[in-house]
Amino acid sequence: MKKIIYFLYQPLSKFNYERFGLDTLASKNWDIECWIYLEEFYSTFEKKEIFYKKKKNFYFFKSFFSCLKELRRLPSNFYFVDLSSGSFSSSIIQRLMILKGGKKILFNISLFPVPRNRSLNVFLNNRNFKTFIFFIIKIIKIFFKLFNKKFMSPKPDYLFTAGNIPYISAKKKYRKAKIISTHSYDYDTYLNLKNLPINENYTNSIVYIDQAYEENYDIKLNKVNFPASREFHWNSLNLFFNNLNKKFEKKILIAAHHRRDKIANTNTNHEFIFSQTGNLIKNCSLVLAHDSVAISFAILFKKPIVFLITDEIKKSSFFYLSIKKFANELGTEPININQFQSFENYNFLYFDQKAYNRWTDNYIKSPDSKSKFKNFWLDFDNFLEKK
């Protein structure tokens, strides 16, 4: 029986459980373990539901040393998927896994365009003493991260990529690794949805891709400030949604982010719908977004996308520059919904098909992808079955 360990820096939510194909691999007789190592954020999640499905070999480690104890019992031949934070301590754990006989797997199958020199731009756009200190600290952190990545983090044995850009980058960076060109997670969902009949509940709609900017714990895990406050963010969106509703006479549906707290009170009259993002986008006529990788569905289903910022988000250069990069890659600019007045003249339904094709080739599925199945995890199993 083949053994695989998912080495994670995030909870194993329902979304991640399904995205990481645990049931698919279990059906192919893989012995699966999940190791969640949140480092200094252990206490933040200690009393929360960390596993969607808790199984025998699923562990939530309190510390580096508790993780080391589990290393002792590992067999001499196994795989591990690096979904860690990339920290120094996680690199040490991975090196010890390799000494025990583990083979490292990396996934570059959910990548997206990232603005260059983002920290420098944050400083240049807000030049003051506070941003200067932030810039210096960020440079030091980047230096240590690069040092760790180059000298401490072990190189992968296998690397699965989706799209031309991750594949070309991997070829240059990891010359000894076996690199497999496949497709993104969202492409699986797209293939499952594209031939399904139209869902009448979701037609005649405009879909907003929610990112839970005011509460998403992934932002906290990445040690970045939230770019939005709940009240201002949703007041801004509600006003914009209402104006769009009047212009198009279409309902606004919110594709709820999987990390959004379902209990938290969010001030909006528009419906939140969970776990249906791809289906919502397939059936809508317009998509509203920030910098979510779920825009892949809009690109694949050929739906127009309008990128949104607010006065608040614009002050958060980290997120503003990312949203702007997304929009520019698709031949457009984000609109500031707090300043926007051109509802009558703006062409909301325009999109650049050539730019959509480039995004598909670069980030979703390259034309020469070696995918054999319509499911990434069946491809994964098929490839490692031959090893």
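For clarity, every value in this text was computed on a predicted model and none was experimentally measured. Note that residues are indexed from 1 along each chain, following the sequence as it is written. Given that the model is predicted, a residue must reach a pLDDT of at least 70 before its local features are reported, and side-chain atom pairs must reach 80 or more before they are shown or counted; all residues, however, enter totals for whole chains, interfaces and linings. Values reported for side chains reflect all heavy atoms of the structure, with hydrogen atoms and water molecules removed beforehand.

Draft legend 1. The arrangement of the pairing of strand S4 (residues 78-83) in detail. Think of it in three bands: with a 1.4 Å probe and only protein chains considered, a residue is buried below 20% of the maximum accessible area for its type, exposed above 50%, and partly exposed in between. Each helix corresponds to a stretch of at least 4 residues labelled H or I by DSSP, and each strand to a stretch of at least 2 residues labelled E; elements are numbered beginning at the N terminus. For S4, the tally of buried residues reaches 6 of 6 residues, placing the bulk of the element in the interior. Here S4 shows no split at all, with Phe78, Phe80 and Asp82 on one side and Tyr79, Val81 and Leu83 on the other all buried. Relative to S4, strand S1 (residues 3-8) runs parallel, the two sharing 5 bridges. Within S4, the residue paired with Tyr6 across the bridge is Val81. By definition, two strands form a pair when at least two bridges between them are found by DSSP. The pairing of S4 with strand S5 (residues 102-108) spans 4 bridges and is classified as parallel. What sits directly across from Phe78, in S5, is Gly102. Every crossover in which the path from the first strand over the helix to the second runs clockwise, viewed with the strands pointing away from the viewer, is termed right-handed. A crossover connection joins S4 to the parallel S5 through helix H5 (residues 88-99); in handedness this β-α-β unit is right-handed.

Draft legend 2. Main features of the sheet that holds strand S2 (residues 31-37). Sheet architecture is open: 7 strands sit in the order S3-S2-S1-S4-S5-S6-S7, paired in parallel fashion. Each edge of the open sheet is held by one strand with a lone partner, namely strand S3 (58-61) and strand S7 (178-182). The average angle at which neighbouring strand axes cross in this sheet is 20°, direction not considered. Axis lines are fitted through C-alpha atoms, for helices just across the contact stretch, and the angle between N-to-C directions can take any value from 0 to 180 degrees.

Draft legend 3. A look at the packing of aromatic side chains. Aromatic pairing here means that ring centres of Phe, Tyr or Trp (its six-membered ring) are within 6.5 Å. Orientation follows from the plane angle: under 30 degrees is stacked, over 60 is edge-to-face, and everything else is tilted. Under the defined criterion, the tally for this structure stands at 46 aromatic pairs. Ring centres 5.9 Å apart and planes at 50° place the aromatic pair Trp30 and Tyr79 in the tilted group. Of the two residues, Trp30 is situated in the loop between helix H2 (22-27) and S2 and Tyr79 in strand S4; the sequence distance between them amounts to 49 residues. By relative accessible area, Tyr79 is classed as buried at 11%. Aromatic side chains Phe340 and Tyr346 sit 5.4 Å apart centroid to centroid with 85° between the ring planes, which places their arrangement in the edge-to-face category. On the basis of relative accessible area, Phe340 is assigned to the buried category, the value being 12%.

Draft legend 4. Highlighting the pattern of salt bridges. Throughout this description, the term salt bridge denotes a Lys or Arg side-chain nitrogen within 4 Å of a carboxyl oxygen of Asp or Glu. The final tally for this structure, using the stated rule, is 18 salt bridges. When the shortest N-O distance is used, the salt bridge between Lys2 and Glu385 registers 2.9 Å. Remark: Glu385 occurs in helix H17 (residues 376-385) and Lys2 occurs in the segment before S1; sequence separation between them is 383 residues. Across the salt bridge formed by Asp31 and Lys3, the nearest N and O atoms sit 2.9 Å from each other. Residue Asp31 is located in strand S2, and its partner Lys3 is located in strand S1; the two are separated by 28 residues in the primary sequence. For Asp31, a relative accessible area of 24% puts it in the partly exposed group.

Draft legend 5. How the structure looks around the sheet that holds strand S8 (residues 205-209). The 6 strands lie next to each other as S10-S9-S8-S11-S12-S13, forming an open sheet whose pairing is parallel. One side of each edge strand has no neighbouring strand; the edge strands of this open sheet are strand S10 (271-273) and strand S13 (335-336). As defined by bridge partners, S8 adjoins strand S9 (residues 251-255) across 5 bridges and the pair is classed as parallel. Bridging across to S9, Ser205 finds its partner in Lys251.

Draft legend 6. Representation of the side chain of Ser153 within the structure. Mapped onto the fold, Ser153 is located in the loop between helix H7 (129-152) and strand S6 (158-162). Ser153 sits in the buried class, given a relative accessible area of 14%. Nitrogen and oxygen atoms within 3.5 Å of one another constitute a polar contact, given that in protein one can donate a hydrogen and the other can accept it, and given that sequence-neighbouring residues count only through two side-chain atoms. Within the structure, the side chain of Ser153 is placed 3.4 Å from the side chain of Lys104, a separation counted as a polar contact.

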